[in-house]
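# Reading the structure
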Amino acid sequence: MRLNTQPNLTDPDTFYAALTDVHRQLDKVQSECVNARLILLLANHIGNVDVIKEALTIAEEIE
Amino acid sequence: MQNTYKNPIYPYIRSQDIDSTQPVHHPVIIVGAGPGGLALSIDLALHGIKSVVLDDNNTVSVGSRAICFAKRTLEIMNRLGCSKKMVDKGVTWKHGKVFFKNELVYDFDLLAESGHKLPAFINLQQYYFEEYLVDRTEDFNEVDLRWKSKVTEIQSSAEETEVTVSCPDGEYKLTCDFLLSADGSNSNIRRMLGLESKGQVFQDRFLIADVVMKAEFPTERWFWFDPPFHPNQSALLHKQPDNVWRIDLQLGWDADPEEEKKEEVIRPRIQAMLGEEAEFELEWASVYTFQCRKMDRFIHNRVFFVGDAAHQVSPFGARGANGCIQSAENLVWKIASVLQKQAPYSLLETYDTERQHGAKENILNSTRATDFITPKNDMSRLFRDQTLKLAKQHSFARTLVNSGRLSMPCSYPESPLNSSEKDTFASDLCAGTVPKDAPIKVKGLDDWLINYLGNQFVLMVGVNSSLNAIQYEELEFIKNNLNISLLLVSDEPIQHFENALGINIIDSSELIRQRYDLSEGTNYLFRPDQVITGRWKNLSISVIKQAKNKALGYELENNYVSENNNHVEAAQ
């Protein structure tokens, strides 16, 4: 399996709003904690470590 | 301070070698009578090989060191004939708790697979482990154990090794074909040969404290991340025999070891861990730092490095002593085969290839546990802490919590000694893995498969209870001409079975069938260290013959095969 980088979200605008709304009332440390938990939850959902590694590489390489 | 164990003092015995004008030659000299050195000497004796064991002290390990011995180590000890004492004395915990800050995150039960003679692990103080090994050496004339004998000089060449031994009666020299250096993490042999063990020193200090509880305390493993009684650090509590509890407290790099070892400093911390009501005696305390490092090569001329001398790991994950015993087992049958001219010299090189792989795996696993327990930067700590927070409600996060995992046996799927797999098996074993045990019946009595593997090449074959004449002839050929012991596995006792042919194993639990995907004709070839070296769905004498030769190193590069196929020599 490969990482899907084609459009895949059922509702991109709603997702994006939900993501930013979560952080609206949080300070920097709280936001970092939420992000960390989110990464862990989503990674487990993806399950395949090779796919996650591909995502890590893309995330790391973009300036 | 130590009240539960009194170290035995072993007698120094004057060796006749000191009277010789010429250095006396021995096939094998082992330096260090720790877990590795003792296991080497017993295993060599089982192969009929004599060894001299030199140790500069005259007792077993002083104080608390290794405590967790995993199933594979116990299986090796079973083969060496000393697992029973260890298992009888050792304790096992099944239940554990993980705490984060001031709350219980989760508790767990270790659900070990059933149908194995040996438990998944035992906790046992290293001094008992060594004492039982010393006891076992006394059963063998082949083991010449010399206490108070320190190697002070070493000369190593491609042909042999010469050492100078210093003992209470003076100095003498010895030569040997093979010198096995099992003299620990600060190996003198390694230092004298100018060799290095390289790796990572962790910037942290830990306090080990052994305490004796005065009242009942649950037999559980408790691990705290960032506990209120010891902020920003970690703490571990688990049980050893004699009602002794091992406590590991992370101290941080800036801690003063001398200060931290003081009873008045240790006591309040432990009291906070155990609760105000707990009454305890402090038995032992020491402060340590640790390293994950290994030598680039475990072989130097005819000197072989084993255990901590060759490879050292952090204590998390129980891969120090367990890794050491697996290295010792890997080396012995190879040395025995070469000394008995059953194998080319190049077989010994595979000790390095196979155990470098094992050492890397052990270092990787213990480093991962260490990095989880002591995060190396702010973001690692943040992920660690959030993993623990999620773990309270979400089971997936518990799989990420790494406070040291159970030590799993090393497997060698890439070993050049393996025969490649051509058949398909519904089994998670393969060439290069250690066997899986199973309850069996032999001659009507309950027994275990593991008792019949090792010390020689063993072929396990699935058979029908009525063997025909051709099968009998083939099996006899394998036994007598290929010199391989036979385990014939059937559902019912084989009719008119001749005991000289081998052992008839009844798969009474059907676990062999299940774990090995074994049916009639299926056969597994095990090396003398029990590792599976090849497996096939159909029996073929020529395939087995080739597989045994391959496992003995005859197909390795640098070998040449002379015209007479039965006579094979190694190129040096």
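Residues numbered from 1 in each chain as written. Chains lettered and ligands numbered in written order. Predicted model: local features only at pLDDT ≥ 70, side-chain atom pairs only at ≥ 80, totals over all residues. Heavy atoms only, no water.

## Here's the deal with the nonpolar core
Residues and elements named next belong to chain B. Rules: Nine residue types can take part in a nonpolar core, namely buried Ala, Val, Leu, Ile, Met, Phe, Trp, Tyr and Cys, and a core is a set of them joined through side-chain atoms within 4.5 Å. Note on classification: 1.4 Å probe, protein chains only; a residue is buried when its accessible area is under 20% of the maximum for its type, exposed when over 50%, partly exposed between these limits. Helix and strand assignments come from DSSP, with helices taken as H or I runs of at least 4 residues and strands as E runs of at least 2, each series counted from the N terminus. Throughout the structure description, domain borders are defined by an automatic or database domain assignment. Contact between two residues is taken to exist if any of their heavy atoms lie within 4.5 Å; hydrogens are not considered.
By size, the foremost hydrophobic cluster in this structure holds 101 residues, and its most contacted members are L180 and L488. Among the elements that make up this core, the one with the highest residue count is helix α8 (residues 321–339) (nine residues). If you count residues domain by domain, this core takes at least three from each of domain 1 (16–89 + 120–195 + 296–370) and domain 3 (439–551). In contact with L488, other than residues within four places in its own chain, are V461, V463, L467, L475, I494, F497, L501, I503, N504 and I505. In terms of nonpolar packing, the next biggest core, distinct from the first, is built from 26 residues, F223, F316, L388 and L390 among them.

## Comments concerning the packing of helix α2 (residues 71–80) of chain B against α8 of chain B
Residues and elements named next belong to chain B. Note the threshold: Every angle, taken between N-to-C directions, lies between 0 and 180 degrees, and every axis is a line fitted to C-alpha atoms, over only the stretch in contact when it is a helix. If an angle is under 35 degrees, it is roughly parallel; if it is over 145, roughly antiparallel; if it lies from 65 to 115, roughly perpendicular; otherwise it is oblique. Crossings are sorted by hand: turned counterclockwise from the far helix by less than a right angle, the near helix makes the crossing left-handed, and turned clockwise it makes it right-handed.
Where α2 meets α8, the closest approach of the two axes is 9 Å, and the angle between their N-to-C directions is 45°. For the element pair α2 / α8, the angle class is oblique. Handedness of the α2/α8 crossing: left-handed. In this structure, α2 uses R72, T73, I76, M77 and R79 to contact α8, whose residues at the interface are N322, I325, Q326 and E329.

## Side note on the pattern of salt bridges
The following threshold applies: The term salt bridge refers to a pairing of a side-chain nitrogen on Lys or Arg with a carboxyl oxygen on Asp or Glu at a separation within 4 Å.
Overall, the coordinates contain 39 salt bridges over all chains when judged by the stated rule. Linked by salt bridges that have partners in common, D43, R72, E75, R79 and E329 of chain B make up one network.

## Some thoughts on a nonpolar patch on the surface
This is how it is decided: Like-charged residues within 9 Å of one another, or nonpolar side chains (Val, Leu, Ile, Met, Phe, Trp, Tyr) within 5 Å, are grouped into patches, provided each residue has over 30% relative accessible area and no salt bridge. Computed with a 1.4 Å probe, the accessible areas rest on the Shrake-Rupley method; for each residue, only the protein chains presented here act as cover.
Taken together, the side chains of L9, F15 and Y16 of chain A make up a nonpolar region of the molecular surface, amounting to roughly 330 Å² of accessible area. The residue F15 of chain A is located in helix α1 (residues 12–23) in this model.

Everything listed here is a matter of coordinates, which is why it stays silent on function.
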